[in-house]
Amino acid sequence: MVSGRRVGAARWLAAACFLFVFGITPPAHAGDDDEAHFLLFSGRDLWRNGAFLYGGVVIAPGGFERDGFLLKLIYSVGLYRYNASNLGGAEVTGGETVGAFMPGWRIKRGNLEAKFFVGPDIEYHPLWPDDPANRLRGHAFGLRMATEIWYEPTPTTMIAADASITTIVGDSATRLAFGWRVFDDLLDGFYVGPEVQYFSSYGYRHLRMGAHVTGLKTDNHEWSAGLGWAQDSVGRSGPYLRLGFLTRR
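Keep in mind the model is a prediction, meaning the values are calculated, not measured.

(A) Quick look at the overall build of the protein chain. Looking only at helices and strands, one finds 2 helices and 13 strands in the protein chain. Across the 249 residues of the protein chain, 41% fall into the buried class. A sequence separation of at least 24 residues applies to 51% of the contacts in the protein chain between residues at least 6 apart. For the protein chain, the computed accessible surface area is about 13300 Å², with 64% contributed by carbon and sulfur atoms.

(B) Region of interest: the nonpolar core. Residues Ala36, Leu39, Phe41, Val58, Ala60, Phe64, Leu70, Ala100, Met102, Phe117, Ala146 and Leu246 constitute the largest nonpolar core, which totals 12 residues. For this core, the secondary-structure elements that each account for two or more residues are β1 (38–47) and β4 (90–109). Counting 6 residues, the second-largest nonpolar core is a separate cluster that includes Phe52, Tyr80, Tyr82 and Val92.

(C) Structural detail: unusual backbone geometry. In this model, Trp128 is joined to Pro129 through a cis peptide bond whose omega is -10°. Within the secondary structure, Pro129 sits in the loop between β6 (127–128) and β7 (138–154). Here the phi dihedral of Val169 falls at roughly 45°; this positive angle occurs in a residue that is not glycine. Along the polypeptide, Val169 turns up in the loop between β8 (157–166) and β9 (172–182).

(D) Just the pairing of strand β11 (residues 204–218), in detail. Pairing analysis gives 11 bridges linking strand β10 (residues 190–201) to β11, with the strands arranged antiparallel. Bridge pairing in β11 links Val192 to Val213. Once β10 ends, the chain turns through 2 residues before running back antiparallel as β11, passing Gly203 with a positive phi of about 75°. Two strands pair when backbone bridges link them, and β11 and strand β12 (residues 221–232) are joined in this way by 12 bridges, in the antiparallel orientation. Looking at the pairing, Leu216 lines up with Trp223 of β12. Where β11 hands over to β12, the hairpin turn is made up of 2 residues, of which Asp219 adopts a positive phi near 55°.

(E) The arrangement of the packing of aromatic side chains in detail. Under the definition given, this model contains 5 aromatic pairs. Between Trp150 and Tyr191, the aromatic rings sit 5.8 Å apart at their centres with planes inclined by 75°, giving edge-to-face as the arrangement. Placement of the pair is Trp150 in strand β7 and Tyr191 in strand β10, with a sequence separation of 41 residues. Taking relative accessible area as the criterion, Trp150 reaches 24% and is therefore assigned partly exposed. Residue Tyr191 is classed as buried on the basis of its relative accessible area, which comes to 5%. Of note, Lys72 hangs over the ring of Phe117, and the distance from its end group to the ring centre comes to 5.2 Å. Across from the ring centre of Tyr202, 4.2 Å away, lies the NZ or CZ of Arg135, which sits over that ring.

(F) Here's a closer look at the pattern of salt bridges. Enumeration according to the criterion identifies 13 salt bridges in this entry. Measuring nitrogen to oxygen at the nearest pair gives 2.9 Å for the salt bridge that ties Arg208 to Asp45. Linking Arg208 in strand β11 with Asp45 in strand β1, this pair joins segments that are 163 residues apart in sequence. The pair Arg208 / Asp45 is uniform in exposure class, with both members buried. The salt bridge involving Lys115 is made with Glu113; its shortest N-O contact spans 3.6 Å. Among the residues examined, Lys115 registers a relative accessible area of 13% and is labelled buried. Each of Arg106, Glu113 and Lys115 takes part in one network of salt bridges that share partners.

How each quantity is defined
Residues numbered from 1 in each chain as written. Predicted model: local features only at pLDDT ≥ 70, side-chain atom pairs only at ≥ 80, totals over all residues. Heavy atoms only, no water. Helix = DSSP H or I, 4+ residues; strand = E, 2+ residues; numbered from the N terminus. Buried < 20%, exposed > 50% of the residue type's maximum accessible area, 1.4 Å probe, protein only. Contact = heavy atoms within 4.5 Å. Areas by Shrake-Rupley, 256 points an atom, 1.4 Å probe, with all protein chains shown as cover. Core = buried A, V, L, I, M, F, W, Y, C linked by side-chain atoms within 4.5 Å. Pairing = 2+ DSSP bridges. Phe/Tyr/Trp six-rings, centres within 6.5 Å; stacked < 30°, edge-to-face > 60°. Lys NZ or Arg CZ within 6 Å of the ring centre and 35° of its normal. Salt bridge = Lys/Arg side-chain N within 4 Å of Asp/Glu carboxyl O.

If you want it as structure tokens, here you go:
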């Protein structure tokens, strides 16, 4: 007889795989950077205890090749699981729906580009079974701040850094990546290299170390990916996989 725990794990894995595979992919049309005013992006993130689908749009009224006002709208939906000590170690599955509306500004100086955003953040976290000790449960409203930095110290290297934090239980995320440009002659060139990611919230920490591919162009899309090892503050570890797509219009 299959135990209830195994059935629950199988259902969770099936739902996580569905979120990861069936997402919204940006439209199959892209424009030149100097003509584009919309950047549409979508991505998936998977590890043994969480699966997320995210996406959104960045609007640049003056274009993406000049300093000026930006507007970023993002969404994220997903599933995650943990063992609740106040429920006798029972496994809890959490759902996540996040939306943010963030005005911002772009600054470019030579090979350095920086973007800054701030705006309202809305989140909803249902839990099965309910865990009253989880401060993320239910609806929450807050303020989210984010920054993105891209720097090319040489014609063949890049450094990317991004960070975000919300006032909702102090949720934060940071990423730092370094890359070398490869295959300029065959595939229009893209970057490969190491990356480090760190996530935190009230009572929880999550660290990732791995490798990334950034700026791989196929048809009218630009792809990115990350693969490596993740470990969190409650002793769980395992591989992670991240895929991203973007297009400009």
